[in-house]
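Structural description and commentary
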Amino acid sequence: MYRVLISYGHPDDPSAFDNYYANTHLPLAAQIPGVTHFAAGRCESFDGTTPSSYMLADIGFATREDAHAGLSAPQGQAAAADIANFATGGATMAF
């Protein structure tokens, strides 16, 4: 399995982020070819302090090559370009 992890920074408007992510971004991301699993969730801390990230997303592919093909496909490029439309706190990808 090959994983792509996306860490979203704290947005200016969390409610707007959540709404856009659920109703606009996820339908785009769901079209990325080769995805074998997906999980996402908001972050919290054990001690009540503000966590360093607002949300984490985990996208799985069978292989590194499948990840490259999926993210390079038009659907992957559209999902990546869409991040700028809602991630006002920034986003970091790790592979």
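For the structure itself, look to the data block above.
In this report, we go over the structure that sits alongside the text. (Residues numbered from 1 in each chain as written. Predicted model: local features only at pLDDT ≥ 70, side-chain atom pairs only at ≥ 80, totals over all residues. Heavy atoms only, no water.)

**Digging into the environment of glutamine 75**
Positionally, glutamine 75 belongs in helix H3 (residues 74–82). The exposure class of glutamine 75 is partly exposed, given its relative accessible area of 30%. In sequence terms glutamine 75 and proline 33 are 42 residues apart; their C-alpha atoms lie 7.5 Å from each other. (Helix = DSSP H or I, 4+ residues; strand = E, 2+ residues; numbered from the N terminus. Buried < 20%, exposed > 50% of the residue type's maximum accessible area, 1.4 Å probe, protein only.)

**Observations regarding the nonpolar core**
Of all hydrophobic cores here, the largest spans 18 residues; its most connected members are Ile6, Tyr8, Phe17, Tyr21, Met55, Phe61 and Phe86. At the level of elements, strand E1 (2–8), helix H1 (14–29) and strand E3 (55–61) are the ones that each hand at least two residues to this core. (Core = buried A, V, L, I, M, F, W, Y, C linked by side-chain atoms within 4.5 Å.)

**Observations regarding the environment of proline 11**
Within the secondary structure layout, proline 11 lies in the loop between E1 and H1. Among the residues examined, proline 11 registers a relative accessible area of 10% and is labelled buried. Note: C-alpha distance between proline 11 and serine 53 (42 residues apart in sequence) is 9.7 Å. Residues contacting proline 11, with those up to four places away along its chain left out, are Phe17, Tyr54, Thr88 and Gly89. (Contact = heavy atoms within 4.5 Å.)

**Observations concerning the packing of aromatic side chains**
In the structure shown here, the tally under the stated rule is 8 aromatic pairs. Arranged with centres 5.8 Å apart and planes meeting at 45°, the rings of tyrosine 8 and phenylalanine 86 form a pair that is tilted. Of this pair, tyrosine 8 sits in strand E1 while phenylalanine 86 sits in the loop between H3 and strand E4 (91–94), placing them 78 residues apart in sequence. With a centroid separation of 5.3 Å and 20° between ring planes, the pair formed by tyrosine 20 and phenylalanine 86 is classed as stacked. Taken together, the residues span a long stretch of sequence, with tyrosine 20 in helix H1 and phenylalanine 86 in the loop between H3 and E4 at a distance of 66 residues. Put simply, the rings of Tyr8, Phe17, Tyr20, Tyr21, Tyr54 and Phe86 touch in pairs and so form one group of aromatic residues. (Phe/Tyr/Trp six-rings, centres within 6.5 Å; stacked < 30°, edge-to-face > 60°.)

**Points about the sheet that holds E1**
Read across the sheet, 4 strands follow the order E2-E3-E1-E4 without closing on themselves; strand pairing throughout is antiparallel. Sheet topology places strand E2 (35–42) and E4 at the edges, where each strand pairs with a single neighbour. In this sheet, adjacent strand axes meet at a mean angle of 15° when their direction is disregarded. In this sheet, E3 lies alongside E1 in antiparallel orientation, the contact comprising 7 bridges. Across the sheet, residue valine 4 finds its bridge partner in E3, namely isoleucine 59. Against the sheet, H1 makes contact with E1, E2 and E3, and its axis sits at roughly 170° relative to E2, the strand it touches most. The strands touched by helix H2 (residues 64–72) within the sheet are E1 and E3, with E3 carrying the most contacts at an inclination of about 115°. (Pairing = 2+ DSSP bridges. Axes fitted to C-alpha atoms, helices over the stretch in contact; angles between N-to-C directions.)

**So, the pattern of salt bridges**
On inspection of all chains with the given rule, the structure shows 2 salt bridges. Across the pair arginine 3 and aspartate 58 runs a salt bridge whose closest N-O atoms are separated by 2.6 Å. Taken as a pair, arginine 3 in strand E1 and aspartate 58 in strand E3 lie far apart in primary sequence, 55 residues in all. Overall, the relative accessible area of 13% leaves aspartate 58 in the buried class. A salt bridge links arginine 42 to aspartate 18, with the nearest nitrogen and oxygen atoms 3.2 Å apart. Taken together, the residues arginine 42 in strand E2 and aspartate 18 in helix H1 connect sequence positions 24 residues apart. By relative accessible area, arginine 42 is classed as exposed at 56%. (Salt bridge = Lys/Arg side-chain N within 4 Å of Asp/Glu carboxyl O.)

Such coordinate-based values are descriptive only and should not be taken to indicate function.
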